[in-house]
Amino acid sequence: MSKLLRNFKIQLPQNQKKLVQFLKKFDTQYVKGLQNIIAVLETETWNEVDCLECANCCKVMTPTFTNEDIKRISSYVNMNENEFTDKWLKVEKESKDVVNKIQPCQFLNLETNKCTIYEVRPADCREFPHFKRKPFGDYNHVHEQNIEYCPATFKLIAKLKKRIEKDYEW
Ligand code: SF4
Ligand code: SF4
C-alpha cells in the first residue's frame, strides 16, 4: 500500500466525524469568495496527492455510466453495447443508476493504478472528485460521502475547515 493511502487510512477514523460535521454546518453558511478559496486549496491538494499512488475510487467505488459513456467505451473495446452492458454493468435497485458489477473496476490496471480506457472513461470518472462543480457548497453531500474513500477530498475539506475556522466567526 502506498504511503499516501496508509496515512489516509490512519488519519480517517480520527477526523471523519469532525469533517462531516463541518460540512453539515458549512451547508448553512455563506462564505464570500468561496470559489477563489477552493481554487487555491485545490491546487495545494493536488500538489500533495498523486492519484497514481491511490486509485482508491477505482478500487472501492463505481462510476455511473450514461448511455453516451456506454456507446463510447463499448466501441473503444470493440464490443457491441449489449454485450458490454451484459458483461460489465448492472442497474442499481433504488437509484436505477447503471454501475459496475465488480470492484475494483474492470478497467483498472492494478499494477500501475492506471485506467486502461482513460481517453474514453465515463464522464463521472472525469469529473471525480467533483471539486470543479459550482457552487462548491451545493455538493457538500457528495464530499461528505467521498471523504471516506478519497484522500484528495479528505485533504481539501480538512484545509477548508482550517481556513474557514481561522477567518470566520464559526
Ligand atoms: S473507468 Fe477508469 S477511471 Fe473510471 S473507475 Fe474504471 S478504472 Fe477508474
Ligand atoms: S480522485 Fe481521490 S480516490 Fe481517486 S485516485 Fe485521486 S485521490 Fe484517490
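Analysis parameters
- Residues numbered from 1 in each chain as written.
- Chains lettered and ligands numbered in written order.
- Predicted model: local features only at pLDDT ≥ 70, side-chain atom pairs only at ≥ 80, totals over all residues.
- Helix = DSSP H or I, 4+ residues; strand = E, 2+ residues; numbered from the N terminus.
- Buried ≥ 20, exposed ≤ 12 C-beta atoms within 10 Å, placed from the backbone.
- Contact = placed C-beta atoms within 7 Å.
- Axes fitted to C-alpha atoms, helices over the stretch in contact; angles between N-to-C directions.
- Parallel < 35°, antiparallel > 145°, perpendicular 65-115°, else oblique.
- Left-handed = near helix turned anticlockwise from the far one by under 90°.
- Nonpolar A, V, L, I, M, F, W, Y, C, P; charged D, E, K, R; others polar.
- Domains from an automatic or database assignment.
- Core = buried A, V, L, I, M, F, W, Y, C linked by C-beta atoms within 7 Å.

What follows deals with the overall build of the chain. Secondary structure assignment for the chain yields eight helices and four strands. The secondary structure elements of the chain, listed N-terminal to C-terminal, are α-α-α-α-α-β-β-β-β-α-α-α. Its C-alpha atoms put the chain at 55 × 30 × 25 Å along the principal axes. Across the 170 residues that make up the chain, the buried fraction comes to 24%. In the chain, the share of contacts with a sequence separation of at least 24, taken over all contacts with a separation of at least 6, comes to 72%.

What follows covers the packing of helix α1 (residues 3-26) against helix α8 (residues 151-167). Close contact between α1 and α8 brings their axes to 9 Å; oriented N to C, the two are set at 45 degrees. Between α1 and α8, the crossing angle belongs to the class labelled oblique. Where α1 crosses over α8, the two elements pack in a sense that is left-handed. Every residue of α8 that contacts α1 at L4, L5, F8, L12, N15, L19, F22 and L23 is listed here: P151, F154, I157, A158 and K161. Looking at side-chain class alone, the contact of α1 with α8 contains eleven nonpolar, one polar and one charged residues.

Turning our eyes to something else, we now look at the domain arrangement of the chain. Split by domain assignment, the chain resolves into domain 1 (3-58 + 129-167) and domain 2 (64-127). Taken together, the contacts link four residues of domain 1 with seven residues of domain 2.

Further remarks concern the nonpolar core. Within soluble globular proteins, side chains that are nonpolar generally end up buried alongside one another. In terms of nonpolar packing, the biggest core is built from 21 residues, with L19, L23, C57, F154 and I157 touching the most fellow members. The residues that make up this core include at least three from each of domain 1 (3-58 + 129-167) and domain 2 (64-127). With residues up to four places along the chain from it excluded, the contact list for C57 reads F128, Y149 and C150.

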